Structures are given as C-alpha cells and as structure tokens.
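For reference, the chains in residue letters:
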Amino acid sequence: MKKGKKLYEGKAKIIYATNDKNLVIQYFKDDATAFNNQKKTTIEGKGVLNNRISEHILSNLSQIGIKNHLVKRLNMREQIIKLVEIIPIEFIVRNVATGSITKRLGIEDGTVLKEPLIEYCLKDDKLGDPLISEEHILAFDWALKTEIDKVKKMILRINDFMIGMFRGVGIKLIDFKLEFGRIKIDGKNEVILADEISPDTCRLWDSITEKKLDKDRFRKDLGDLIPAYTEVAKRLGILHEQSNVSAVNVTKLSSVKRKKK
Ligand code: 5GP
C-alpha cells in the first residue's frame, strides 16, 4: 500500500490517498483543540494513544456487527480506512448530562439521563457546529430519513456495547460524539461508522472517583492528559499494565516504528 497525497487535514487527523481508490490512510496528530479552535496546543503522544484506543473500539464494534471504516492499523499513528462520504453531522450521545447541555438547558451537571439522548450538530467550524434538529437535517438534505433511522439504531447498539465495555474496566461512559459516512458495498448504498472513538471524542469518568480520563483534562486545564489516556488504554488491555507510557515513551515507540518502515 503506497501513501499518496494529503487529501484533507482536520484538527486532529490527516487523510492521505493510497494507490487503492477505495482506501485512504488516517493519520492521528498530537494536536489538541477546543472551543472551536480558540484553544490549541500539541500534546506529545496523544495521536499514538488515540490510534490504538480507536482501533480497539472499532474492531470490537465490528465483531458485534457494527460496520465501520477501519480496515487495519498500519503503525503507531496510522490506520487504513475505507473512503466514505462523511455525513455532515456530529451525532452526540449522552448518558449523563455534562458539558454543553448543562449550560444550554440549565441541567444540573452529572444528572443521569433516563434514556440515552441523541443530539445532532451540523459539522461546520465556521458556525461553531450548531445544534440542529432532525427536521433541519431533512429540510436541508444533509441526510435521508432512512439514513437517520439506520444511524439511530446503530448508535443505540454502539452505546450499549461501549457502556458495558467501559463499565467492565471501571469507567463510566458519560457522553460521546460519532460520525457516519456513506459508502457503496457490493453496489448497495450503506451508512457505516467513521472517524474515531477515543478519549478525544468521549467523556470517560472513573467509576469510583469520577476522575476525568478524557479531553476535558485539556479543555478544563486539568493537566495530565497523557497519563489519563494511558490509563484508559491500560484498562482496556491495549497496553500492558507494567508499561509506563509517558509522552516521551510514546514518542520513542512511534519513531522506532517509523524507522523500521
Ligand atoms: P459537548 O456538546 O458537551 O461539548 O460534547 C459532548 C460530547 O461530544 C463530548 O464527549 C465531546 O468530547 C464530544 N464532542 C462534541 N463535539 C466534538 C468535536 O467537535 N470534537 C470532538 N473531538 N469531540 C466532540
């Protein structure tokens, strides 16, 4: 597989073409951004951890029949993924109210929701990813009703699976963001899970102490982001218990792999 030209650069990832028109390479950067790009920094090793954690979650989701774009992880920072046409909507799933919903609706932080709540945001940085309704999606043809219905079913299964997976390792899945893409499989139009699932896109709290193990450590200036993401990876069994993954170690691992290629 040959890596081709850069097709797209986002806030946390870069997409490169390959010599197969149906496949692209997704590269995980160390850049961290928040509040619509107003807060930015680079956190050495974040991309390596997100690549591994997202690979783990998407592979597990594949095994329970959730079709997704992951083909395989290539190295410490890159994955081969199927090229999809991204639906321009961020699907937000909430089990516990925190973050933007508490400010928007005055809900008490930490309120456990009776049922998972799905919210839709238009993927548009210039507009600050505004909250939209299903009616907006249909009115402006951002997705078809059949696509939204399929996505909602997938979201509830993904949420159930992920709640269980994280509960098993002492982590509460508070909320997360998903993206989906359109693809033709055997001549049939399908909608599959895309993007990444990682501590950058989920809120993950320790079940007992409620310590934040996600990107809120950056958003709220809590520090120790790499140890928190490493903790998630260790608990999921991706990194061995004894491996002490500091930012420096992660970077070393990454460069060793690069030299080998
Ligand atoms: P909130 O709406 O409370 O800011 O975010 C809800 C959930 O969706 C959080 O888990 C947050 O990480 C995720 N999320 C929402 N928008 C984005 C985004 O643009 N980028 C990333 N990485 N995560 C997002």
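First things first, this report covers the structure right here in the doc. What you see is a predicted model; the values in this text were computed from it and never measured. (Residues numbered from 1 in each chain as written. Predicted model: local features only at pLDDT ≥ 70, side-chain atom pairs only at ≥ 80, totals over all residues. Heavy atoms only, no water.)

### Regarding the overall build of the protein chain
Under the convention used in this document: Helix and strand definitions follow DSSP, with helices as H or I runs of at least four residues and strands as E runs of at least two, each counted in order from the N terminus. Every radius of gyration here is taken over C-alpha atoms, with the globule rule written as 2.2 Å times N^0.38, N being the number of residues. Here a residue-residue contact requires only that any non-hydrogen atoms of the pair lie within 4.5 Å. Areas reported here follow the Shrake-Rupley algorithm with a probe of radius 1.4 Å; residue values treat only the protein chains shown as occluding. A residue counts as positive if it is Lys or Arg and as negative if it is Asp or Glu; His and the chain ends are not included. Note that the charge is assigned to NZ on lysines, CZ on arginines, CG on aspartates and CD on glutamates.
Within the protein chain one finds seven helices and 14 strands. A globule of 261 residues ought to have a C-alpha radius of gyration of about 18 Å, and the protein chain, at 18 Å, matches this closely. If one aligns the C-alpha atoms of the protein chain with their principal axes, the spans along those axes are about 50 × 50 × 35 Å. Taking all contacts inside the protein chain whose residues are at least 6 apart in sequence as the whole, residues at least 24 apart take part in 55%. Surface exposure of the protein chain reaches about 13400 Å², of which carbon and sulfur atoms provide 53%. Taking the average place of the 49 positive charges on the side chains of the protein chain and the average place of its 37 negative ones, the gap between the two points comes to 5 Å.

### Things to note about the packing of aromatic side chains
The following threshold applies: What counts as a ring pair is set by centres within 6.5 Å for rings of Phe, Tyr and Trp (its six-membered ring), and what kind of pair is set by the plane angle: stacked under 30 degrees, edge-to-face over 60, tilted for all other angles. The rule is simple: take the accessible area with a 1.4 Å probe, protein chains only, and divide by the maximum for that residue type; under 20% is buried, over 50% is exposed, in between is partly exposed.
Under the counting rule described, the total for this entry stands at three aromatic pairs. With a centroid separation of 5.8 Å and an interplanar angle of 80°, the aromatic rings of Phe91 and Tyr120 are classed as edge-to-face. Note that Phe91 is positioned in strand 9 (residues 89–97) and Tyr120 in strand 10 (residues 111–122), a separation of 29 residues in sequence. Phe91 sits in the buried class, given a relative accessible area of 1%. Centroid distance Phe91 to Phe180: 5.3 Å. Interplanar angle 90°. Geometry classified as edge-to-face. Residue Phe91 is found in strand 9, and its partner Phe180 is found in strand 12 (residues 171–185); the two are separated by 89 residues along the sequence. Like Phe91, the residue Phe180 is buried in the burial classification. One aromatic cluster in this structure is built from Phe91, Tyr120 and Phe180.

### Some thoughts on the pattern of salt bridges
For the record, the criterion: Salt bridges are counted wherever a side-chain nitrogen of Lys or Arg sits within 4 Å of a carboxyl oxygen of Asp or Glu.
Inspection of the entire model under this criterion finds 29 salt bridges. Residues Asp195 and Lys13 are paired through a salt bridge, measuring 2.9 Å at the closest nitrogen-oxygen approach. One end of the pair, Asp195, is in the loop between strand 13 (188–194) and strand 14 (202–206); the other, Lys13, is in strand 2 (residues 13–18), and 182 residues separate them in sequence. Classification of Lys13 as buried rests on a relative accessible area of 11%. Asp216 serves as the salt-bridge partner of Arg203, at 2.7 Å between the closest nitrogen and oxygen. Of this pair, Arg203 sits in strand 14 while Asp216 sits in helix 5 (residues 216–219); the two residues are 13 residues apart in sequence, bridging distant segments of the chain. Asp216 shares its class with Arg203; the two are buried. Each member of the salt-bridge network shares a partner with another, and the members are Arg94, Arg104, Glu119, Asp175, Arg203, Asp216 and Arg219.

### A look at helix 1 (residues 46–63)
The line we're drawing: Take the number of residues in a helix, subtract one, and multiply by 1.5 Å to get its expected span.
Here helix 1 spans 26 Å end to end across 18 residues, near enough to the 26 Å set by a 1.5 Å rise per residue. Those residues of helix 1 that sit buried are Lys46, Gly47, Val48, Leu49, Asn50, Asn51, Arg52, Ile53, Ser54, Ile57, Leu58 and Leu61.

### Overview of the pairing of strand 13
Heads up, the rule is: For two strands to be treated as a pair, DSSP must find no fewer than two bridges joining them.
Of all seven residues making up strand 13, five are buried, and the element is well covered by its neighbours. Strand direction decides the pairing type here: strand 12 and strand 13, joined by seven bridges, are antiparallel. Paired with Gly181 across the strands is Ile192, a residue of strand 13. The loop that links strand 12 with its antiparallel partner strand 13 comprises two residues; one of these, Asp186, has a positive phi angle of about 50°.

### What to know about the site of the ligand
Rules: Throughout, the term near means that a residue has one or more heavy atoms lying within 4 Å of the molecule or strand in question. In protein, a polar contact means a hydrogen-donor-capable atom and an acceptor-capable atom, both N or O and within 3.5 Å, with residues adjacent in sequence counting only if both atoms are side-chain atoms; elsewhere, any N or O pair within 3.5 Å suffices. Residue classes follow a fixed rule: Ala, Val, Leu, Ile, Met, Phe, Trp, Tyr, Cys and Pro count as nonpolar, while Asp, Glu, Lys and Arg count as charged, and any other residue, Gly among them, counts as polar.
Looking at the ligand, there are 16 residues lining it, with Arg94, Ser100, Asp175, Arg203 and Arg219 nearest. Within the contact set of the ligand, an oxygen atom lies 2.8 Å away from a side-chain nitrogen or oxygen of Arg94. Looking at the shell around the ligand, the elements with two or more residues in it are strand 9, strand 12 and strand 14. In the shell around the ligand, the residues fall into three nonpolar, four polar and nine charged.

### Looking at the environment of Arg77
Here Arg77 is to be found in the loop between strand 6 (70–73) and strand 7 (78–82). Residue Arg77 is classed as buried on the basis of its relative accessible area, which comes to 7%. Counting along the chain gives 28 residues from Arg77 to Leu49, while the straight-line C-alpha distance between them is 8.5 Å. A distance of 2.9 Å separates a polar atom in the side chain of Arg77 from a polar atom in the side chain of Asp30.

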